[in-house]
Amino acid sequence: MTESCGKCIPCRAGTAQMYTLLTRICNGSGTMEDLELLEGLCSTVKEASLCGLGQTAPNPVLSTLKYFRNEYIEHIVHKRCPAGVCNLEAPVEVQA
Amino acid sequence: MSDAVEVKTLVIDGRELSARRGQTILEVAQENNIYIPTLCHLEGLSDVGACRMCLVEIKGSNKLLPACLATVFESMEVSTNTERLQKHRRTILELLFAERNHICSVCVANGHCELQALGQEQGLTHVRLPYRNPELTVDASNERFTIDHSRCILCTRCVRACAEIEGVHVWDVMGRGINSIIISDLHEDWGTSSCTRCGKCVQVCPTGALFDKSKIGSDHPKYPDFLPYLNLMREAQ
C-alpha cells in the first residue's frame, strides 16, 4: 500500500481498501460479506491496475484466500485466530 | 505531400471498422459512435491512462488495455462492454466514491459532475466498500476559484491543462498512494502561487473539486470543449 504511486485508481484506493478489510477481519469485526468484497476487490486491483505493482499486490491475499480460507472463516465466524497471530482471543492451548 | 495513410482493419464489438495507423482504440470507437466510458481522458489534453474506466478486452490477450492509450493493430478484436469490464468499472467507481468525501447533495457540480454521471450510467446503486472519510482541506485563497480536495478524484486533468495548455504548470501531485494530493506550486496557497487565474483547470475538472466562487450555491456546468478548438487554432498559427 505504501509502495503505490497513486496514479491509477485501482492500486491507489484498492490497496488501501484491501488493507481496511483485512484489518477488519483480523481484529474480529469482519463479516462473510467482507470476505466476498475482498475477493472481488482483489480481482479488480489485479486486472485493472496500470503497472506491475498493482497487478501483483493482491497476490498474497488471493493465495491465502485460496489455501487458508478456513482461517479467514475462523476469524469471522468464531472470532479466533488459529495461528495465534491476531490480537483476538488467545487460541486454546493444548496441554500435554 | 502528405504521407500515404496506412489503414488498419479491426473489429470493435462485432463491427468491422477501419482505422488509420497510430489511432487509439478510443478515437476509432468515438468516430464510429461506439461508447467507451472515460474519466481522466479529455479531448485536447494528453492521455495518462490513470482512471482505468476505458479498459477494453482484446481477443487473444488476457490483459485489459486502456482504450485512450492503446493503438490499433491489424485484425485486432476489441470488446468494450463485457461483464468482466462492467464489474471492474463499477468497482473503480465505488473506490472513487469511497476514497474521499463525495456528497452530491451539497456539491456545486451536482447534476454536472462526470463522476456522478458515470455512476448513474454504470448502474452504481450503492457503495459496498467502507468510506474512508479523510480530513481534507479547502483552499479558497484564490480570489476567483476554490479547490476542495474532498471532491478531487486525482484525474490530473487540471495538472495537464495547466502544464500543456496554459504553460504555467501551477498544479502538480504531491505525495504518493492514498495520500496523494493536488498542490499549487511547491505546496503554497493557490492565491499567492504563480497561477495566472485563467480558469482552464476549473473548466476541465470533472467534479466539483475546482469551482468558480461566483457559482457557489448555483448550477455550475463546466465547458471543457474549448480545448480542441484552442489547440487547432494554435497549430494553424
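Details of the structure are given in the entry above.
Everything numeric here is computed off the predicted structure, so don't read it as measured data.

K.L.:
Explain the overall build of chain B here, please?
P.N.:
Scanning chain B for helices and strands turns up six helices and 10 strands. Since a compact globule built from 237 residues should have a radius of gyration of about 18 Å, the 19 Å found for chain B is in line with a globular shape. C-alpha extents for chain B along the principal axes are approximately 55 × 50 × 35 Å. Here chain B holds 237 residues, and 51% of them are scored as buried. If you take every contact in chain B between residues at least 6 apart in sequence, the share linking residues at least 24 apart comes to 61%. Each charge sign in chain B was given a centre, from 25 positive and 30 negative side chains, and these centres are 4 Å apart.

K.L.:
What exactly am I supposed to notice about the interface of chain B and chain A here?
P.N.:
Often, the extent of an interface is quoted as the loss of accessible area upon association of its parts. At the interface, 28 residues of chain B touch 27 residues of chain A. Taken together, both faces of the contact between chain B and chain A bury some 2,200 Å²; the carbon and sulfur share is 60%. Considering only the surface of chain B that becomes buried against chain A, Arg52(B), Leu95(B) and Pro130(B) emerge as the three largest contributors, covering 24% of it. When the shortest N-O distance is used, the salt bridge between Arg12(A) and Glu99(B) registers 2.7 Å. For the pair chain B and chain A, the interface holds 16 residue pairs in polar contact (both at pLDDT 80 or more). Looking at which element gives the most residues to the side of chain B that touches chain A, the answer is helix α2 (residues 83–99) of chain B, with nine residues.

K.L.:
Could you clarify how one ought to interpret the nonpolar core in this entry?
P.N.:
Nonpolar side chains in soluble globular proteins tend to end up buried together. In this structure, Leu38(A), Leu39(B), Leu115(B) and Leu129(B) are the most contacted members of the largest nonpolar core, which totals 43 residues. Among the secondary structure elements, those contributing two or more residues to this core are α1 (9–26), α2 (32–48), α4 (59–67) and α5 (69–77) of chain A together with α2 and α3 (114–121) of chain B. Residues from two domains meet in this core; each of domain 1 (7–81) and domain 2 (87–236) of chain B gives at least three. Core analysis: the next-biggest nonpolar cluster, separate from the first, contains 19 residues, Ile12(B), Leu17(B), Cys54(B) and Met76(B) among them.

K.L.:
Just to check I follow, could you spell out the pairing of strand β1 (residues 7–12) of chain B for this structure?
P.N.:
Side-chain positions along a regular strand alternate between the two faces of the sheet. Residue and element names in this part refer to chain B. Residues of β1 alternate between two faces, with Lys8, Leu10 and Ile12 buried on one and Val7, Thr9 and Val11 left unburied on the opposite face. Summarising the sheet, β1 and strand β2 (residues 15–20) pair through six bridges and their orientation is antiparallel. Residue pairing for β2: Lys8 is matched across the bridge by Ala19. Hairpin connection from β1 to β2: two residues lie between these consecutive antiparallel strands, with Asp13 at a positive phi of about 50 degrees. For β1 and strand β5 (residues 77–79), the ladder comprises two bridges, and the chain directions are parallel. Looking across to β5, one finds that Ile12 is bridged to Val78.

K.L.:
Which parts of the structure should I look at to understand unusual backbone geometry?
P.N.:
With the exception of glycine, most residues fall at negative phi, and the peptide bonds are largely trans. Residue and element names in this part refer to chain B. At His169, a position not held by glycine, the phi torsion is positive, near 60 degrees. Take His169: it is sitting in the loop between α4 (157–166) and β8 (171–174). Its identity as a non-glycine residue notwithstanding, Asp185 has a phi of 50 degrees, on the positive side. Tracing the backbone shows Asp185 in the loop between β9 (181–184) and α5 (200–204).

K.L.:
How should the pattern of salt bridges be read in this particular structure?
P.N.:
This structure, assessed with the given rule, holds 15 salt bridges over all chains. A salt bridge links Glu47(A) to Arg84(B); its shortest N-O distance comes to 2.6 Å. One end of the pair, Glu47(A), is in helix α2; the other, Arg84(B), is in helix α2, on a second chain. Owing to a relative accessible area of 26%, Arg84(B) belongs among the partly exposed residues under this scheme.

K.L.:
Honestly, α5(A) in this entry has me stumped. Any pointers?
P.N.:
Note: α-helices contain 3.6 residues per turn, so residues at a spacing of three or four share the same orientation. All names here are of chain A. Among the residues of α5, Tyr72, Glu74, His75 and Ile76 are the ones counted as buried. If you follow the buried residues of α5, they end up packed against α1, α2 and α4. Where α5 ends, the next residue or the one after it, Lys79, has phi of about 50 degrees, a positive value.

K.L.:
Help me understand a nonpolar patch on the surface, please; the structure alone is not making it clear to me.
P.N.:
All names here are of chain B. A contiguous nonpolar surface patch, about 340 Å² in accessible area, is contributed by Tyr229, Leu232 and Met233. Following the sequence through the fold, Tyr229 ends up in helix α6 (residues 226–236). A residue is classified by how much of its surface remains accessible, and Tyr229, at 54% relative accessible area, is exposed.

Cut-offs applied
- Sequence positions are assigned chain by chain, starting from 1 and proceeding in written order.
- Written order determines the labels here, with chains lettered from A and ligands numbered from 1.
- Local features in this predicted model are restricted to residues of pLDDT 70 or higher, and side-chain atom pairs are both shown and tallied only at a pLDDT of 80 or more, whereas totals for entire chains, interfaces and linings draw on every residue.
- As a rule here, side-chain values come from all non-hydrogen atoms in the structure, and water together with hydrogens is ignored.
- Secondary structure counts use DSSP, requiring at least four H or I residues in a row for a helix and at least two E residues in a row for a strand, with both numbered from the N terminus.
- Radius of gyration: over C-alpha atoms. The globule rule applied is 2.2 Å multiplied by the number of residues raised to the 0.38 power.
- For each residue, the accessible area found with a 1.4 Å probe, counting protein chains only, is set against the maximum for its type, and the residue is called buried under 20%, exposed over 50%, and partly exposed in between.
- We call two residues contacting when some pair of their heavy atoms lies within 4.5 Å.
- Counted charges follow a simple rule, with Lys and Arg positive, Asp and Glu negative, and His plus the chain ends left uncounted.
- For charged residues, the charge sits on one atom: NZ in Lys, CZ in Arg, CG in Asp, CD in Glu.
- Take the accessible area each of two parts loses on contact, using a 1.4 Å probe, and add the two losses: that sum is the buried area.
- We count a salt bridge whenever a side-chain nitrogen from Lys or Arg sits within 4 Å of a carboxyl oxygen from Asp or Glu.
- Here a polar contact is recorded for every N or O atom pair within 3.5 Å, except that within protein the pair must consist of a potential hydrogen donor and a potential acceptor, and residues adjacent in sequence are included only if both atoms are side-chain atoms.
- Residues enter a nonpolar core if they are buried and are Ala, Val, Leu, Ile, Met, Phe, Trp, Tyr or Cys, with the set joined through side-chain atoms within 4.5 Å.
- Domain delimitation in this document rests on an assignment produced automatically or drawn from a domain database.
- If DSSP finds at least two bridges between two strands, the strands pair.
- Within the patch definition used here, like charges are joined within 9 Å and nonpolar side chains (Val, Leu, Ile, Met, Phe, Trp, Tyr) within 5 Å, considering only residues with over 30% relative accessible area and no salt bridge.
- Calculation of accessible area relied on Shrake-Rupley with a 1.4 Å probe; when residues are assessed, cover is drawn exclusively from the protein chains displayed.

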